[in-house]
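One-letter residues, chain by chain:
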Amino acid sequence: MLWMKWKIVVDSLRGRRRRMPCSLWFLLLLAAGGLVLFIHQRDLSEMVQQQGSGVKLGSTPRQSRETLSTQDRERGKSDNYLDHQASEGILSSPIPPMQFPHFEESKQMATTGSREQDIGSLHVSKRQRKLLKTSPPINHTNNNVSSSSSSPSPSSSVSSSSALHLFSPNILEARRQLMKEICAKYKSSISRTITRHHVKHLYVEDKYKLLYCQVPKAGCSNWKRTLMVLAGQAPNAQSIKHDTVHYGHHLKTLDSFDRQGIMHRLETYTKVMFVREPLERMVSAYRDKFENPNNYYHSLFGKPIISKYRVNPSWAALKTGSGVTFKEFVQYLLDVHRPVGMDIHWEQVNQLCNPCLIDYDFIGKFENMEEESNFVLRLTGAPPNITLPSFKDRNPTDTRTSMQITQKYFSQVSMLERQRVYDFYYMDYLMFNYSKPFKDLY
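Residues numbered from 1 in each chain as written. Predicted model: local features only at pLDDT ≥ 70, side-chain atom pairs only at ≥ 80, totals over all residues. Heavy atoms only, no water.

Engineer: Would you mind going over the pattern of salt bridges with me for this structure?
Structural biologist: Where side chains of opposite charge bring their charged atoms close, a pairing between them can arise. Evaluation of the coordinates by the stated rule reveals 13 salt bridges. Asp206 is the partner of Arg265 in a salt bridge, and the nearest nitrogen-oxygen pair spans 3.1 Å. Within this pair, whereas Arg265 is found in helix H8 (residues 259–268), its partner Asp206 is found in the loop between strand S1 (202–205) and strand S2 (210–213), the two being separated by 59 residues in sequence. What makes Arg265 buried here is its relative accessible area of 13%. Taking the shortest distance from any N to any O, the salt bridge between Lys217 and Asp288 comes out at 3.1 Å. Of the two residues, Lys217 is situated in the loop between S2 and helix H6 (220–230) and Asp288 in helix H9 (residues 278–291); the sequence distance between them amounts to 71 residues. Considered together, Lys217 and Asp288 belong to a single accessibility category, that of buried residues. (Salt bridge = Lys/Arg side-chain N within 4 Å of Asp/Glu carboxyl O. Helix = DSSP H or I, 4+ residues; strand = E, 2+ residues; numbered from the N terminus. Buried < 20%, exposed > 50% of the residue type's maximum accessible area, 1.4 Å probe, protein only.)

This is the structure in structure tokens:
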């Protein structure tokens, strides 16, 4: 009897034992879920409190250090990347030719013209890299600046007294170094022999040992006037007329010397060239030679251009060559079988001055003509009272060709023609570090 009761009790306990695991698991899961929810809510509460009090996320000192360490690493990566990009320069860009980025212009710039890109030389400080963007704001309300051959009006942003500080040797060397790298990359196969043809556009001033390569539409008329004043041929630049500058034969070109004289001057004289935004220079040349009265250019270039590219030209247009449209001029420029040859006013600067053969000491920018020209004059030892004039003596009522005007003219041609003109001057854009004039260019 006692045994039977014990057996019943044991069997009852066994039955409860078998049923207990289900209840126990349910309770355990419920407790675990409640614990997770409690911890999550507590963490959220702590995060809100810490953010509201301005404390960085992380409830322990270790967590704060880890958070700061992560931020420092990210900041370090960013700084190292920017420094690396600046030190490599645009030549080390992974972007292939024809796809260099259109660098963002400074917000302080008042004009929309193309600016000089940041060269990023290894030996140039951050401040100097900023100064490499050498185009100051231009006062477009002043019509006394050149649209053809004179330099732009003085900028109020940088005084002449600061020119010596602004154009340090490092900045000048950065421009020269960029040009050398472009030459090494794209012109390494050219002959290294300098001939008379290569130096025919270099004007010589022996007294101050100066060689100036003329680039039309980049202040060359006023530079020639200044060379004449330096040589003692005129008391001041303002007294020299345009025809005297270009047709008076008062200045010697380097190709007029013998071989020994050419090489001696190339080795010992200060060699200078001034460049301008290529498409802006090209539009300036078109406006000066075809929109204004000019019997020489209308006859020599206008007649064949109208004859080949105009549909049903009038008898008067064929006879005079006047009225060449910008689109017709672009067609002529891009034609490999031009009815008439190239002209110095729209020829590429790298073809005029041959910078891959001639090691120029100074590469100046038309966009900052006043400061840079005065700098180079002081560099050659010219008297302080001699400065580059800023007046124009041809078509004085014309507004100076700006990037806004350039874009207006190029709106008259197709996107393909804009691209092809950019390609035509592409080497000048690379060598002299100008950014793309249009966003849709590749």
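Engineer: Even after reading the chapter, I still don't get the nonpolar core, so can you show me in this structure?
Structural biologist: General note: in soluble globular proteins, nonpolar side chains tend to be found buried as a group. Among the nonpolar cores identified, the biggest contains 93 residues, and Met282, Phe326 and Trp346 are the most heavily contacted of them. Apart from the residues lying within four places of it in its own chain, the contact partners of Trp346 are Arg281, Ala285, Lys289, Phe290, Tyr297, Phe301, Phe329, Tyr332, Leu333, Phe424 and Tyr425. (Core = buried A, V, L, I, M, F, W, Y, C linked by side-chain atoms within 4.5 Å. Contact = heavy atoms within 4.5 Å.)

Engineer: Quick question: what am I supposed to make of the pairing of strand S4 (residues 270–275) here?
Structural biologist: On a regular strand, each side chain points to the face opposite its neighbour's, so the side chains alternate between the two faces of the sheet. Where burial is concerned, most of S4 is hidden: 6 out of the 6 residues are buried. Alternating positions in S4 separate into two faces, Thr270, Val272 and Phe274 on one and Lys271, Met273 and Val275 on the other, with burial throughout. When S2 meets S4, the two strands line up parallel, connected through 4 bridges. Bridge pairing links Tyr212 to Val272 in S4. (Pairing = 2+ DSSP bridges.)

Engineer: Honestly, the packing of aromatic side chains in this entry has me stumped. Any pointers?
Structural biologist: For any pair of aromatic rings, the description rests on two quantities: the centre-to-centre distance and the angle between the ring planes. Evaluation of the coordinates by the stated rule reveals 24 aromatic pairs. Seen in terms of ring centroids, Trp223 and Phe274 are 5.6 Å apart; in terms of plane orientation they differ by 40°. Their pairing is tilted. One end of the pair, Trp223, is in helix H6; the other, Phe274, is in strand S4, and 51 residues separate them in sequence. Here Phe274 falls in the buried class, since its relative accessible area comes to 0%. Ring centres of Phe326 and Phe410 lie 5.1 Å apart, and the angle between their planes is 80°; on these two criteria the pair is classed as edge-to-face. Of this pair, Phe326 sits in helix H12 (residues 326–334) while Phe410 sits in helix H15 (residues 403–410), and the two are 84 residues apart along the sequence. For Arg418, the ring lying beneath its charged end belongs to Phe438, and the centroid distance is 5.4 Å. (Phe/Tyr/Trp six-rings, centres within 6.5 Å; stacked < 30°, edge-to-face > 60°. Lys NZ or Arg CZ within 6 Å of the ring centre and 35° of its normal.)

Engineer: Just to check I follow, could you spell out the pairing of strand S5 (residues 362–365) for this structure?
Structural biologist: What you see with S5 is no split at all: Phe362 and Gly364 on one side and Ile363 and Lys365 on the other are buried throughout. Where S4 and S5 come together, 4 bridges link them in parallel fashion. Each bridged residue has a counterpart across the sheet, and for Phe274 the counterpart in S5 is Gly364.

Engineer: Is there a simple way to explain the packing of H9 against H15 in this structure?
Structural biologist: The axes of two packed helices give the description: the angle between them and the distance between them. It is at 9 Å that the axes of H9 and H15 come closest, and there the two elements cross at 75°. One way to sum up the angle between H9 and H15 is to call them roughly perpendicular. From H9, Leu279, Glu280, Met282, Val283, Tyr286, Arg287 and Glu291 reach across to H15, where they touch Met403, Ile405, Thr406, Tyr409 and Phe410. (Axes fitted to C-alpha atoms, helices over the stretch in contact; angles between N-to-C directions. Parallel < 35°, antiparallel > 145°, perpendicular 65-115°, else oblique.)

Engineer: How should I be thinking about the environment of Ala218 in this particular structure?
Structural biologist: By the element assignment, Ala218 lies in the loop between S2 and H6. The spatial distance from the C-alpha of Ala218 to the C-alpha of Ser284 is 9.5 Å, given a sequence separation of 66 residues.

Engineer: I'm lost on the sheet that holds strand S3 (residues 252–253) in this one. Help?
Structural biologist: Whether parallel or antiparallel, the strands of a sheet pair through hydrogen bonds between backbone atoms. The strand order across the open sheet formed by 5 strands is S3-S1-S2-S4-S5, and the pairing between neighbours is mixed. Strands at the two margins of the open sheet, each flanked by one partner only, are S3 and S5. Set on the sheet, H6 makes contact with S1, S2 and S4; between it and S2 the angle comes to about 160°. Along the sheet, helix H14 (residues 369–379) makes contact with S4 and S5, crossing S5 at roughly 155°.

Engineer: Teacher, can you tell me more about the environment of Pro278 here?
Structural biologist: Structurally, the position occupied by Pro278 is in helix H9. In this structure Pro278 comes out as buried when scored by relative accessible area, which is 4%. Expressed as a C-alpha distance, the spacing of Pro278 and Phe424, which sit 146 residues apart in the sequence, is 9.7 Å. Those residues within four positions of Pro278 in sequence are excluded, and the remaining contacts are Tyr425, Asp428, Tyr429 and Tyr434.

Engineer: Mind showing me how you'd approach the side chain of Lys271 here?
Structural biologist: Inspection of the secondary structure puts Lys271 in strand S4. Among all residues touching Lys271, those that are not within four sequence positions of it are Leu211, Leu266, Ile358, Asp359, Tyr360, Asp361 and Phe362.

Engineer: Mind showing me how you'd approach the state of the cysteines here?
Structural biologist: Every disulfide links exactly two cysteines, by a covalent bond between their sulfur atoms. One pass over the full model with this rule turns up 2 disulfides. Paired through a disulfide, Cys183 and Cys356 show a sulfur-sulfur distance of 2.0 Å. Its torsion about the S-S bond being -85°, the disulfide of Cys183 and Cys356 is classed as left-handed. Residue Cys183 is located in helix H5 (residues 169–186), and its partner Cys356 is located in the loop between helix H13 (349–353) and S5; the two are separated by 173 residues in the primary sequence. The residues Cys183 and Cys356 share a single accessibility class, namely buried. There is a disulfide in this structure between Cys213 and Cys353, and the S-S distance comes to 2.0 Å. As the torsion about the S-S bond is roughly -95°, the Cys213-Cys353 disulfide counts as left-handed. Highlighted residues: Cys213 in strand S2 and Cys353 in helix H13, separated in sequence by 140 residues. Cys353 carries the same exposure label as Cys213, and that label is buried. Here the protein pairs its bonded cysteines, counted in sequence order, in the arrangement 1-4, 2-3. Here Cys220 is not cross-linked by a disulfide; its sulfur's nearest cysteine counterpart is in Cys213, at 9.7 Å. (Disulfide = S-S within 2.5 Å.)

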